[in-house]
Amino acid sequence: MWEQKCEELSNQFEQVVNGLFSPEIYNYLIARRDELYSKQSDRAAFAELQEVNQLLDSSRIHLDTLSEYRFVLQLTHLSSEEINELLSIENARLNMAEQFDAVVHGYVFDMNRGTNQNSLFQEAADFDLPEEWSEERKQQIQSAIQKASEMYRIDVVEQSGEVAKAKRQSNHTKLTYG
């Protein structure tokens with residue numbers, strides 16, 4: 001069963017890599033999605049939002065478990081140390097989201113084409129905060145979830161003495177794949 005899941009994930013990874021958006025298109029879709037979220041009560045905006053989300057989903061791999069997430073990260077040819085760091089950071093975020101009773105979906109792995117034609121990905125814990133929560137509560141919880149990963153980074157530096165891990169500037173990571 002695990003072998004079958006690995007084959008599925010490998011195929012999905014290949015499909016995403018082969019259909020990557022240019023940075024301009026990807027950034028436009030993200031900006032358009034963000035703009036449409038505020039207008040989703042309008043039928044036309046809601047329909048367009050669904051179309052934009054469907055396009056963005058073509059550059060995303062949804063992962064249910066940490067093992068699946070590790071497998072996909074291994075396809076990127078990152079070092080074991082980099083993979084373990086990414087797993088720990090996103091797992092810390094997901095654990096914190098669970099503690100706040102967020103609706104947890106697993107992990108997502110978004111990919112797009114970089115400006116110099118390399119592949120970039122952004123990994124994330126995948127969860128939703130209930131709509132009935134106030135915006136203030138959602139912001140507080142989002143902040144706490146983000147701090148969970150920042151606290152992990154500090155722990156990594158203290159334990160390993162490697163300052164480079166703490167200075168990671170972005171969640172975007174360059175791929176050496178294909």
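These numbers come from a predicted model, not from an experiment.

**Q** I'd love a proper account of helix α5 (residues 80-99), names of residues and values included.
**A** Note: α-helices contain 3.6 residues per turn, so residues at a spacing of three or four share the same orientation. Taking 1.5 Å per residue, 20 residues should reach 28 Å; α5 reaches 28 Å between its end C-alpha atoms and fits that length. Among the residues of α5, I83, E85, L86, L87, I89, E90, A92, R93, L94, M96 and A97 are the ones counted as buried. Note on α5: the residue one or two positions beyond its end, D101, has a positive phi of about 65°.

**Q** Outline the packing of helix α2 (residues 23-37) against helix α3 (residues 43-57), listing residues and values.
**A** Following both chains from N to C, one finds α2 and α3 inclined at 145°, their axes separated by 9 Å at the closest point. Crossing angle aside, the handedness with which α2 passes α3 is left-handed. For the pair formed by α2 and α3, the contact residues are Y26, L29, I30, R32, R33, L36 and Y37 on the first element and A45, E48, L49, V52, N53, L55 and L56 on the second.

**Q** Run through the side chain of S59, naming residues and quoting values.
**A** Along the chain, the position of S59 falls in the loop between α3 and β1 (60-63). Polar contacts involving the side chain of S59 include one to the main-chain carbonyl oxygen of L56, which spans 2.8 Å. Every residue in contact with S59, bar those within four places of it in the chain, is listed here: V16, F21, Y26, F109, D110 and M111.

Analysis parameters
Residues numbered from 1 in each chain as written. Predicted model: local features only at pLDDT ≥ 70, side-chain atom pairs only at ≥ 80, totals over all residues. Heavy atoms only, no water. Helix = DSSP H or I, 4+ residues; strand = E, 2+ residues; numbered from the N terminus. Expected span 1.5 Å × (residues − 1). Buried < 20%, exposed > 50% of the residue type's maximum accessible area, 1.4 Å probe, protein only. Axes fitted to C-alpha atoms, helices over the stretch in contact; angles between N-to-C directions. Left-handed = near helix turned anticlockwise from the far one by under 90°. Contact = heavy atoms within 4.5 Å. Polar contact = N/O pair within 3.5 Å; in protein donor to acceptor, adjacent residues only side chain to side chain.

So, to be careful, I would describe these as geometric facts and stop short of saying anything about function.
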